[in-house]
Amino acid sequence: MAGRPTVVVLDYGFGNVRSAVRALERVGAAVELTADPKVASVADGLVVPGVGAFAAVMDGLAKVRGGQIVERRLSGGRPVLGICVGMQIMFDAGDEHGEHTEGLAQWPGVVDRLEAPVVPHMGWDTVEPPAGSVLFDGIEDERFYFVHSYAARSFDLGAGEPVDARFKPPQVTWSDHGGRFVAAVENGPLSATQFHPEKSGDAGAQLLRNWLGSL
């Protein structure tokens, strides 16, 4: 249909990709599930899903040159949305099951195990988005569905370093499970959520609409 934003869900063998495809189609996107770099490079948006272990997701991405696809899009200012482990791999590294794995290093920091009485963090929870968030516009007080044992528990772009006023700093959304952790990030063309918008009912659907509206 003319006028529908085109979205590629990156198919690299990991992630609940079918539910993400269906959720994006329901909110108005024309969706293709593929790892073809040519198709991924020209789509209006790219979604990087992910479930399971950080190292396994990075291995799957490497097999389809997913890191290069993401980097090429971001260098051209073309939007990317990471979901769950698809968000975690945007950080420098992951420490999981005693294994240290390098990530895509779009953001500083290490993803490690939550320090909470009950892990995994599973179920519906609130988030704390910053003022002016595009992703959470109109859904600031809603709950979203989480399933994870690991997260980025800090977000520091370099304390004490001079801030370049030409660039808008990342907007970080937080949640809490045994301590604060990063629930979402909006950083120019790169956005990501630790929770699953495709499993988060009406609130998740509105977040995907908000993202599509920014493409």
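Residues numbered from 1 in each chain as written. Predicted model: local features only at pLDDT ≥ 70, side-chain atom pairs only at ≥ 80, totals over all residues. Heavy atoms only, no water.

Peer 1: Before we go on, may I ask you to explain the sheet that holds strand β6 (residues 99–102) in this structure?
Peer 2: To summarise the sheet geometry, strands pair through backbone hydrogen bonds and adopt either a parallel or an antiparallel arrangement. Pairing in this open sheet of 4 strands is mixed, and the strands run β6-β5-β7-β10 from one edge to the other. Each having just a single partner strand, β6 and β10 (150–152) make up the two edges of the open sheet. Going from strand to strand, the sheet's axes swing by 20° on average, the running direction of each strand aside. As defined by bridge partners, strand β7 (residues 107–113) adjoins β10 across 3 bridges and the pair is classed as antiparallel. Bridged to Val111 within β10 is Ala152. (Pairing = 2+ DSSP bridges. Helix = DSSP H or I, 4+ residues; strand = E, 2+ residues; numbered from the N terminus. Axes fitted to C-alpha atoms, helices over the stretch in contact; angles between N-to-C directions.)

Peer 1: Looking at this model, I keep getting lost on unusual backbone geometry. Mind explaining?
Peer 2: Across residues other than glycine, the phi torsion is negative in most instances, and most of the peptide bonds are trans. Of note, the bond from Val119 into Pro120 is cis; its omega dihedral lies within 30 degrees of zero at 15°. Within the secondary structure, Pro120 sits in the loop between β7 and β8 (121–126). Located in the positive-phi region is Cys84, a residue other than glycine, with phi close to 60°. Considering the arrangement of structural elements, one finds Cys84 in the loop between β4 (80–83) and α5 (85–88). Classification of Cys84 by relative accessible area gives buried; the value is 3%. (Buried < 20%, exposed > 50% of the residue type's maximum accessible area, 1.4 Å probe, protein only.)

Peer 1: Quick question: what am I supposed to make of the environment of Gly3 here?
Peer 2: Along the chain, Gly3 falls in the segment before β1 (6–10). The class for Gly3 is exposed, based on a relative accessible area of 78%. Between the C-alpha atom of Gly3 and that of Glu140, which follows or precedes it by 137 residues, the distance is 28 Å.

Peer 1: Got a minute to help me understand the pattern of salt bridges in this structure?
Peer 2: Side chains that differ in sign of charge can pair as their charged atoms come close. Taken as a whole and judged by the stated rule, the model has 4 salt bridges. A salt bridge links Asp59 to Lys63; its shortest N-O distance comes to 3.4 Å. Of this pair, Asp59 and Lys63 both sit in helix α3 (residues 54–63), 4 residues apart, which is roughly one turn of that helix. In this structure Asp59 comes out as partly exposed when scored by relative accessible area, which is 41%. Its salt-bridge partner being Glu115, residue Arg153 comes within 3.7 Å of it at the nearest N-O pair. One end of the pair, Arg153, is in the loop between β10 and β11 (171–176); the other, Glu115, is in the loop between β7 and β8, with 38 residues separating them in the sequence. Shared partners join several salt bridges into a network, and the residues in it are Asp112, Glu115 and Arg153. (Salt bridge = Lys/Arg side-chain N within 4 Å of Asp/Glu carboxyl O.)

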